[in-house]
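Breakdown of the fold
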Amino acid sequence: NSFVARTNTCGELRSAHVGQKVTLYGWVQYQRQGLFLVLRDFQGLTQVVIPQDEAHSHVKELLASAPLESVLRVTGTVSPRPLGQQNPKMPTGDIEVKAETAEILNSCKKLPFEIKDFIKKSEALRMQYRYLDLRSARLQASLRLRSRLVMRMREYLCNLHGFVDVETPTLFKRTPGGAKEFLVPSREAGKFYSLPQSPQQFKQLLMVGGLDRYFQVARCYRDEGSRPDRQPEFTQIDIEMSFVDQAGIQRLVEGLLQHSWPEERGSITTPFPSMTYEEALAEYGTDKPDTRFGMKIVDISDVFQGSNIHFVQNALSYPHGSIRAICIPQGARYLKNKDLESLKESAKSQFNQEIMEIIRRPDGSLKSLLTKFLGEKEKSELIQALNMQEDDVVLLAAGEHKQVCSALGALRLLSANLLEAAGLALRDPTAFHFLWVVDFPLFLPKAENPSELESAHHPFTAPHPSDASLLYSDPAKVRSQHYDLVLNGNEVGGGSIRIHSAQLQRFVLEKVLKEDSEVLSHLIEALELGAPPHGGIALGLDRLISLIVDAPSIRDVIAFPKSFRGRDLMGNAPDYVTPEELEPYHIQVSWPLEEKEAKKN
């Protein structure tokens, strides 16, 4: 309580303080019939007894009439609560403060919502009155945990491992590839800054500059529109090192998370397991597998190899054709027919993938449209391959490998949600399963033009040493030195070993990606002037914290987040500016006709 007028916070008084005179500051959480009130601050709650004697009538009148959420100063004496009135649910539940003097520092008018965690508020209302929402115990706890975790990360990186905390510019220029960037006009006609989607180029240039180890709690910006649970501005723990390989970065990050991990969330075990991108896709249908539960995708192509089922043979005739399935434990018991239909419809609408179901009855027999085409040997092999038990449901897909796996991966997660909603415990909410996913492709076909390639990560990622020669003959087959860190099915970090050869960087940009390398001439020139081998990673701080505290959205671990549509509902941003304000930037707004009419009216 240094530097402030209070003697104690509202969360620290105990029986040992009985008899002491204290001064508390806080908000009125609750008031009961003019007898007592509960005062709240950032640390907790204290019950304050309102005096009933004539000598303190002015104090009684003031405290009994103070509206909820008014800010008070209360001075009084700590007393034990009467026998039988202790509250074991409150840390301060053994004592109360008998008020002697009080002052209302700021009276509160009628609130738009109650400041209680159990009161449901609309997301829009919470955003509009974010400063009130910040008073909730859950948001306070999340922001304080975030602060402690970042401090521990700084300690690990800077104090224990010699990293240098460097702030990089926010105003820069467009980077080829990747997410869309926000533009900032300049006073030079037609010229714009870009807000960086990450400090990628700067951290590489810091390695060229010989800093050896860089770290930053970096603000990043992406103009991704209305994507669910994304923010246009977000925070990364940004890291880069010279003379390092992939294993070195992974060991550093594992040590960083172990050192900074909140004690109240248990401990985490290192090293984290690792799997390749191809393994993740084949077994989980995604590059960010949730490994807290089973239901892995199983290749059952061999079981159907000799069958004469038309769609099966058609699927196996594809160059990368396969038949795969997932087994939903106790699916017949927990899932209704409408659930199974919704799963099949989801696969059809999202992935254009047909799904067949197979149910194992309590007598051990199989129920499916497929069974009449299968002999006893094939049925037995199917049961064995999928380890089917009574009441299990199998979802089977046949077709092109990646499409089949992606569809089954999505159904695996949807099935888990349905099972848990029906009462089957599948994923431990207190478990934290970290996983490294490695050996990503270096390039992917462009969605709008599959004959052209784009970077799977970013254009500065180095190719896998084993595939270096393929870069010039068959770049689509080249693996990268990119690695992702996954936690409970969510990507919480991504990084790579970088290209440190100017010649290779120019080749990737110009010949493979067909990009104008002139945009990156400063970086390419730097690589020609003694660039060390280097690599790094960025951890998504918002996502990581939201998973640690089990928040429903990353908005619940950011002090002032934007809405789903990227708006600040509290300050009403973005907002219009006048033509006079735009003039120095050589910009004129071309209004759509309906907006012109609306502005006239």
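It should be emphasised that the depicted structure is a prediction, and the values quoted were computed from it without experimental measurement.

1. A few points about the domain arrangement of the protein chain
On domain assignment, one finds that the protein chain holds domain 1 (15–106), domain 2 (139–275 + 433–556) and domain 3 (293–422). Using only C-alpha atoms to locate each centre, domain 2 and domain 3 end up separated by 37 Å.

2. Side note on the state of the cysteines
Scanning the model with the defined rule gives zero disulfides in all. Cysteine 405 takes part in no disulfide bond, and the closest cysteine sulfur, belonging to cysteine 327, lies 17 Å away.

3. As for the nonpolar core
Formed by 51 residues in total, the largest nonpolar core has its most connected members in Leu257 and Leu485. Per element, the largest residue contribution to this core is six residues, and it comes from helix 4 (residues 137–161). Other than its neighbours up to four places away in sequence, leucine 257 contacts Met153, Ile268, Phe272, Phe434, Leu485 and Leu544. Listed in part, the 22 residues of the second largest apolar core include Ala347, Ile359, Ala397 and Ala416.

4. Some details on the sheet that holds strand 11 (residues 274–276)
Pairing between sheet strands relies on hydrogen bonds along the backbone, with the strands arranged either parallel or antiparallel. Pairing within the open sheet is mixed, and its eight strands lie in the order 6-9-10-22-21-20-17-11. Two strands in the sheet have a free side with no partner beyond their single neighbour: strand 6 (164–165) and strand 11. Here strand 9 (residues 213–221) pairs with strand 10 (residues 233–242) via nine bridges, running antiparallel. Across the sheet, residue cysteine 220 finds its bridge partner in strand 10, namely phenylalanine 234.

5. Re the environment of lysine 121
As for its placement among the helices and strands, lysine 121 is situated in the loop between strand 5 (95–106) and helix 2 (123–128). Overall, lysine 121 belongs to the buried group, its relative accessible area being 19%. Remark: the alpha-carbon pair of lysine 121 and leucine 544, spanning 423 residues in sequence, is separated by 25 Å. If we ignore the near neighbours within four places in the chain, the residues touching lysine 121 are Phe113, Glu114, Lys116, Arg126 and Asp133. A polar side-chain atom of lysine 121 sits 3.2 Å from the main-chain carbonyl oxygen of lysine 116. Side-chain polar atoms of lysine 121 contact the backbone oxygen of isoleucine 119, separated by 3.4 Å.

6. Digging into helix 10 (residues 337–351)
Relative to the 21 Å expected for 15 residues at 1.5 Å per residue, helix 10 spans 21 Å between its end C-alpha atoms, a close match to the ideal helical length. Listed as buried for helix 10 are Asp339, Leu340, Leu343, Ser346 and Ala347. When helix 10 is viewed along its axis, its buried side chains cluster within an angular range of 115° and face the same direction. Along helix 10, the residues that are exposed and aim more than 90 degrees away from the buried face are Asn337, Lys338 and Ser349. For helix 10, the elements touching its buried residues are strand 13 (321–328), helix 9 (331–334), strand 14 (356–360), strand 16 (393–400) and helix 12 (401–421).

7. A word on the sheet that holds strand 4 (residues 71–80)
Spatially, 1-2-3-5-4 is the arrangement adopted by the five strands of the closed barrel, whose pairing is mixed. Looking at each pair of strands side by side, their axes are set apart by 55° on average, direction ignored. As paired elements, strand 2 (residues 36–40) and strand 3 (residues 45–49) share five bridges and run antiparallel to each other. Within the sheet, the bridge partner assigned to phenylalanine 36 lies in strand 3 and is valine 49. Strands in contact with helix 1 (residues 57–65) are strand 1 (21–32), strand 2, strand 4 and strand 5; relative to strand 5, the strand with the most contacts, it is inclined by about 75°.

8. Some points on the environment of threonine 23
With respect to the helices, strands and loops of the structure, threonine 23 is situated in strand 1. Excluding anything up to four places from it in sequence, threonine 23 contacts Ala5, Arg6, Thr7, Asn8, Arg73, Val74 and Thr75. A distance of 3.1 Å separates polar atoms of two side chains, one belonging to threonine 23 and the other to threonine 75.

9. Description of the packing of aromatic side chains
For the structure shown, the criterion picks out 10 aromatic pairs. Between tyrosine 129 and tyrosine 131, the aromatic rings sit 6.2 Å apart at their centres with planes inclined by 75°, giving edge-to-face as the arrangement. Centre to centre, the rings of phenylalanine 172 and phenylalanine 202 are 4.4 Å apart; their planes meet at 55°, and the pair counts as tilted. Here phenylalanine 202 lies in helix 5 (residues 200–208) and phenylalanine 172 lies in the loop between strand 6 and strand 7 (183–185), a separation of 30 residues in the sequence. Taken together through their ring pairs, the aromatic side chains of Trp261, Phe272, Phe432 and Phe434 make up a single cluster. Over the ring of phenylalanine 293 we find arginine 412; its NZ or CZ atom is 3.8 Å from the centre of that ring. The ring centre of phenylalanine 293 lies 5.5 Å from the NZ or CZ of arginine 427, which sits over that ring.

Cut-offs used in this document
Residues numbered from 1 in each chain as written. Predicted model: local features only at pLDDT ≥ 70, side-chain atom pairs only at ≥ 80, totals over all residues. Heavy atoms only, no water. Domains from an automatic or database assignment. Disulfide = S-S within 2.5 Å. Core = buried A, V, L, I, M, F, W, Y, C linked by side-chain atoms within 4.5 Å. Buried < 20%, exposed > 50% of the residue type's maximum accessible area, 1.4 Å probe, protein only. Helix = DSSP H or I, 4+ residues; strand = E, 2+ residues; numbered from the N terminus. Contact = heavy atoms within 4.5 Å. Pairing = 2+ DSSP bridges. Polar contact = N/O pair within 3.5 Å; in protein donor to acceptor, adjacent residues only side chain to side chain. Expected span 1.5 Å × (residues − 1). Arc of directions from axis to C-beta. Axes fitted to C-alpha atoms, helices over the stretch in contact; angles between N-to-C directions. Phe/Tyr/Trp six-rings, centres within 6.5 Å; stacked < 30°, edge-to-face > 60°. Lys NZ or Arg CZ within 6 Å of the ring centre and 35° of its normal.

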